[in-house]
Each structure stands twice: as structure tokens, then as C-alpha cells.
Amino acid sequence: EPEVTQTPSHQVTQMGQEVILRCVPISNHLYFYWYRQILGQKVEFLVSFYNNEISEKSEIFDDQFSVERPDGSNFTLKIRSTKLEDSAMYFCASDGGSYEQYFGPGTRLTVT
Amino acid sequence: EDQVTQSPEALRLQEGESSSLNCSYTVSGLRGLFWYRQDPGKGPEFLFTLYSAGEEKEKERLKATLTKKESFLHITAPKPEDSATYLCAVLVYNNNDMRFGAGTRLTVKP
């Protein structure tokens, strides 16, 4: 069964450093998303991406965040200068146009 | 503002003891309501999509229903492996911002 994959599973970084989180969506899907979940809190929408551009972003997704689809398979989230409060699980999701979003296993980001 | 509220926060059941989880929502125009299961440290696993009031969907021991104000996830004769957090989320028209509830943490004891 096709699934969304994410790497790395755990990333530890120092405050102020740049991180890139990687995702491989389901191959025939066209819509891509990033979410985050701070420990013990709700899953929060960050950004949606379609046709090589951002279609929607939340107030969390400020100038330190960017997304890219560098090739036909990968979808990345870059955080330019990490802060302590960026520590969270980051989930990538994709959907094929039916609004049913399938999530990856997540990357746990720890900022020290 | 669009809101999703799930209750109860936590639910403990004995194996075989059926129950229901609630998701109430206040949104401007519902495009779809989604149920997910989340195990600790894992990503949400898609269960159901409901699009309109009166719709019902079933999968094994789970059945999801939808009204104009709320959705229920009914669990019939649960087993310990059904223990997880169940998340409800809504998608509204003119917006790709999927809004999640806080979840119900279900524990099924053998």
C-alpha cells in the first residue's frame, strides 16, 4: 500500500541553525501539506502546496519557513533559523484530490 | 471562528464495552469532516471522511456518523488494539486549512 515517508525520523539542532525536513508523498498525489504537533497539543496546519506553489498558509508559517518540491518526488520544509519553540513533531501529508489526506510518520525536531 | 471540540478527552473501556466519541464543530461551510487514529509518536492514520449530514461510514468495529453540528465515532466491542488517540478534523470551503480537534485518548483494557 502506498505511503508517505519522511526523513529523518529525529533531528536535533541548535537554536539559530537551519534544518530541512524531507517528505516523499504518495506518487500520484497532487496536493501536499505540512503540519506540526507540539508535544501534548493539537495537530496544527502549516502550509498547503499545489501546482508548485503555496495555496494556503497559517499564521505559524512565517518568513523563517519555506517549502519546496525540488524534483518529482520530494517535498521539503525548511526552517531558516530555528527557535526553541520550533521543537515539535512535523508531519507531511498528501492527497490525490479527494480531500483525504494521508500522513507520514513524522519528524521529531528538537531544538536545543 | 471555525472550531472543533472533541469529548471526552479520555475514555477507558473494558474489552467488549461499546461506546461513542463525540466531535462537535462550528464552521462557516463544511467541505468535509475527517476521523483519524493516532498512535503515540506516529502520524495520524486516515479512517473516514464524511461530507454531508446523515452520512455514515463503517470499518471493522468503527462507525462514523455526521449531523449538521457534530459527528460520532461509535466503537463496537472494542479490543485492546483499538487503544489510541482518535482525532477529528474539519475542512471548510475556500480554505485548505484542516482544523483538528484535541482528540480523545481511548484505552481499552483486556
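Residues numbered from 1 in each chain as written. Chains lettered and ligands numbered in written order. Predicted model: local features only at pLDDT ≥ 70, side-chain atom pairs only at ≥ 80, totals over all residues. Heavy atoms only, no water.

## Topic: the overall build of chain A
Here is step 1 of the chain: What chain A contains, in helices and strands, is zero helices and eleven strands.
Here is step 2 of the chain: Secondary structure elements in chain A, listed N-terminal to C-terminal, are β-β-β-β-β-β-β-β-β-β-β.
Here is step 3 of the chain: At 13 Å, chain A has a C-alpha radius of gyration in line with the 13 Å of a compact globule built from 112 residues.
Here is step 4 of the chain: Overall size of chain A, expressed as C-alpha extent along the three principal axes, is 40 × 25 × 25 Å.
Here is step 5 of the chain: Taking all contacts inside chain A whose residues are at least 6 apart in sequence as the whole, residues at least 24 apart take part in 52%. (Helix = DSSP H or I, 4+ residues; strand = E, 2+ residues; numbered from the N terminus. Rg over C-alpha atoms; globule rule 2.2 N^0.38 Å. Contact = heavy atoms within 4.5 Å.)

## Quick look at the interface of chain B and chain A
Here is step 1 of the chain: Facing 22 residues of chain B, the contacting portion of chain A comprises 20 residues.
Here is step 2 of the chain: Carbon and sulfur atoms supply 57% of the area buried between chain B and chain A, which totals about 1600 Å² over both sides.
Here is step 3 of the chain: Of all residues in chain B, Phe46(B), Asn96(B) and Phe100(B) bury the most surface against chain A, accounting for 30% of the area lost on that side.
Here is step 4 of the chain: Linking chain B with chain A are four residue pairs in polar contact (both at pLDDT 80 or more), by the criterion used here.
Here is step 5 of the chain: For the side of chain B that touches chain A, the secondary structure elements donating two or more residues are β4 (30–38), β5 (45–50) and β9 (84–92) of chain B.
Here is step 6 of the chain: The greatest single-element share of the side of chain B that touches chain A, amounting to four residues, is contributed by β4(B).
Here is step 7 of the chain: Broken down by class, the residue content of the side of chain B that touches chain A amounts to eleven nonpolar, eight polar and three charged. (Buried area = accessible area lost by both parts, 1.4 Å probe. Polar contact = N/O pair within 3.5 Å; in protein donor to acceptor, adjacent residues only side chain to side chain. Nonpolar A, V, L, I, M, F, W, Y, C, P; charged D, E, K, R; others polar.)

## Some remarks on unusual backbone geometry
Here is step 1 of the chain: Put simply, Thr7(A) and Pro8(A) share a cis peptide bond, and its omega is -10 degrees.
Here is step 2 of the chain: With respect to the element layout, Pro8(A) can be found in the loop between β1 (5–7) and β2 (10–13).
Here is step 3 of the chain: In this chain, Ser7(B) is followed by Pro8(B) through a cis amide linkage whose omega measures -10 degrees.
Here is step 4 of the chain: By the element assignment, Pro8(B) lies in the loop between β1 (3–7) and β2 (10–14).

## Some words on the nonpolar core
Here is step 1 of the chain: In terms of nonpolar packing, the biggest core is built from 23 residues, with Leu33(B), Trp35(B), Leu73(B) and Tyr86(B) touching the most fellow members.
Here is step 2 of the chain: Secondary-structure elements contributing two or more residues to this core are β2, β3 (19–26), β4, β5, β7 (62–66), β8 (70–75), β9 and β11 (104–109) of chain B.
Here is step 3 of the chain: Per-element tally for this core: the top contributor is β9(B), with four residues.
Here is step 4 of the chain: When sequence neighbours within four positions are dropped, the list of residues in contact with Leu73(B) reads Ser19(B), Ser20(B), Leu21(B), Trp35(B), Phe48(B), Leu62(B), Lys63(B), Ala64(B) and Tyr86(B).
Here is step 5 of the chain: With 22 residues, the next largest nonpolar core counts Leu46(A), Val47(A), Ile60(A) and Ile79(A) among its residues. (Core = buried A, V, L, I, M, F, W, Y, C linked by side-chain atoms within 4.5 Å. Buried < 20%, exposed > 50% of the residue type's maximum accessible area, 1.4 Å probe, protein only.)

## Quick look at the packing of aromatic side chains
All names here are of chain A.
Here is step 1 of the chain: All chains considered together, the criterion is met by 15 aromatic pairs over all chains.
Here is step 2 of the chain: Their ring planes at 40 degrees and their centres at 5.5 Å tell us that Phe32 and Phe75 sit as a pair that is tilted. Of this pair, Phe32 sits in strand β4 (residues 31–37) while Phe75 sits in strand β8 (residues 75–79); the two residues are 43 residues apart in sequence, bridging distant segments of the chain.
Here is step 3 of the chain: For Phe75, a relative accessible area of 0% translates into the label buried.
Here is step 4 of the chain: Seen in terms of ring centroids, Phe61 and Phe65 are 5.6 Å apart; in terms of plane orientation they differ by 25 degrees. Their pairing is stacked. Both residues of the pair, Phe61 and Phe65, belong to the buried class. (Phe/Tyr/Trp six-rings, centres within 6.5 Å; stacked < 30°, edge-to-face > 60°.)

## Re the pattern of salt bridges
Residue and element names in this part refer to chain B.
Here is step 1 of the chain: Evaluated as defined, the whole model comprises six salt bridges over all chains.
Here is step 2 of the chain: Across the pair Asp39 and Arg37 runs a salt bridge whose closest N-O atoms are separated by 3.1 Å.
Here is step 3 of the chain: Across the pair Lys57 and Glu55 runs a salt bridge, and its minimum N-O distance is 3.7 Å.
Here is step 4 of the chain: For Glu55, a relative accessible area of 19% corresponds to the buried category. (Salt bridge = Lys/Arg side-chain N within 4 Å of Asp/Glu carboxyl O.)

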